[in-house]
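Overview (structure and organization)
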Amino acid sequence: MSKDPAGAKLCSIDFEIFGHVQGVCFRMYTEKKGLRLGLCGWVKNTNKGTVVGQVQGPAEMIHEMKVWLSKEGSPSCRISRASFSNERSIDKVEFNGFKTRF
């Protein structure tokens, strides 16, 4: 089991969010929420109208981010479905900060 310096298990997970999630500041809110939770990762729009990304950090915070991505998102979005994949333990985070990719 991987641990960060504070002793928390570190995880990585990929996500894809479906619904009305483009043109509603979803990426900006995702980036801000990730940073507030102390997570690292990235987020970007796809050409099929979804938002995808990867999040890394303490398992407890990853869980909180998954709930936010599934149920809340940006104020004017409408999430129909959230898909999570490739969940795994990691020894250390592979990103610096949380970024929007284009």
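Residues numbered from 1 in each chain as written. Predicted model: local features only at pLDDT ≥ 70, side-chain atom pairs only at ≥ 80, totals over all residues. Heavy atoms only, no water.

We apply this condition: UniProt positions are given in the numbering used here, feature names are shortened, and annotations may be inferred rather than shown by experiment.
In the annotation of an unreviewed UniProt entry, the entry for the protein chain reads Acylphosphatase, and the organism field reads Umbra pygmaea. The Catalytic activity (unreviewed entry) comment attached to the protein chain in UniProt states, word for word, "an acyl phosphate + H2O = a carboxylate + phosphate + H(+)". Taken from UniProt, the Sequence similarities (unreviewed entry) comment for the protein chain reads in full: "Belongs to the acylphosphatase family."

Examining helix α1 (residues 26–36)
Stated precisely, the cut-off is as follows: Buried, partly exposed and exposed residues are distinguished by accessible area as a fraction of the type maximum, computed with a 1.4 Å probe on protein chains only: under 20%, between the cut-offs, and over 50%, respectively. Helix and strand definitions follow DSSP, with helices as H or I runs of at least four residues and strands as E runs of at least two, each counted in order from the N terminus. By arc we mean the arc of the directions from the helix axis to the C-beta atoms, nothing more. Here, residues are in contact when the closest pair of their heavy atoms is within 4.5 Å.
By the burial criterion, the buried members of α1 are Phe-26, Thr-30, Lys-33 and Gly-34. An end-on view of α1 places all buried positions within 100° of arc, on one side of the element. Looking at the buried residues of α1, the elements they touch are β1 (10–20), β2 (40–45), β3 (51–58), α2 (59–71), β4 (78–89) and β5 (98–100). Backbone geometry just after α1 places Gly-38 at a positive phi near 75°.

A few points about the UniProt feature "active site" (unreviewed entry) in the protein chain
Using the residue numbers shown here, the UniProt feature "active site" (unreviewed entry) corresponds to Arg-27 and Asn-45. Judged by maximum C-alpha separation, these annotated positions cover 19 residues in sequence but sit close together in space, the widest gap being only 7.7 Å. In this fold, Arg-27 is placed in helix α1. Aside from chain neighbours lying at most four places away, what touches Arg-27 is Val-43, Lys-44, Asn-45, Val-51, Thr-100, Arg-101 and Phe-102. For Asn-45, the location among the structural elements is in strand β2. Residue Asn-45 is classed as partly exposed on the basis of its relative accessible area, which comes to 26%. Not counting chain neighbours up to four residues away, the residues in contact with Asn-45 comprise Gln-22, Arg-27, Thr-50 and Val-51.

Topic: the packing of aromatic side chains
Here is the rule: Centres within 6.5 Å make a pair out of two Phe, Tyr or Trp rings, where for Trp the six-membered ring is used; the pair is then stacked when the planes are under 30 degrees apart, edge-to-face when over 60, and tilted otherwise. As a reminder, the over-ring test applies to NZ of lysine and CZ of arginine, requiring each to be within 6 Å of the ring centre and within 35 degrees of the ring normal.
Applying the stated criterion across every chain, the model contains one aromatic pair. Ring geometry for Phe-26 against Trp-68: centres 6.0 Å apart, planes inclined by 40°, an arrangement best described as tilted. Taken as a pair, Phe-26 in helix α1 and Trp-68 in helix α2 lie far apart in primary sequence, 42 residues in all. Of the two residues, Phe-26 and Trp-68, neither departs from the other in class, the shared state being buried. In this structure, Lys-66 is placed above the aromatic ring of Phe-84, and the distance from its NZ or CZ to the ring centre is 5.3 Å. Lying over the aromatic face of Phe-18, Arg-81 brings its terminal NZ or CZ to 3.9 Å of the ring centre.

Some details on the packing of α1 against α2
Rule in force here: Each axis is a line fitted through C-alpha atoms, taken for helices only over the stretch in contact, and angles between the N-to-C directions span 0 to 180 degrees. Oblique is the label for any angle not under 35 degrees, not over 145, and not in the 65 to 115 range, which are roughly parallel, roughly antiparallel and roughly perpendicular in turn. The hand of a helix crossing depends on one turn: near helix anticlockwise from the far one by less than a right angle means left-handed, and clockwise means right-handed. Note on residue categories: nonpolar means Ala, Val, Leu, Ile, Met, Phe, Trp, Tyr, Cys or Pro, charged means Asp, Glu, Lys or Arg, and polar means any other residue, Gly included.
Remark: α1 packs on α2, axes separated minimally by 11 Å, with the N-to-C direction vectors making an angle of 160°. With respect to α2, the axis of α1 lies roughly antiparallel. You can see that α1 and α2 cross each other, and the crossing is right-handed. Note on element contacts: α2 touches α1 through Glu-64, Met-65, Trp-68 and Leu-69, opposite Phe-26, Tyr-29, Thr-30, Lys-33 and Gly-34. Across the contact of α1 with α2, the residue classes tally to five nonpolar, two polar and two charged.

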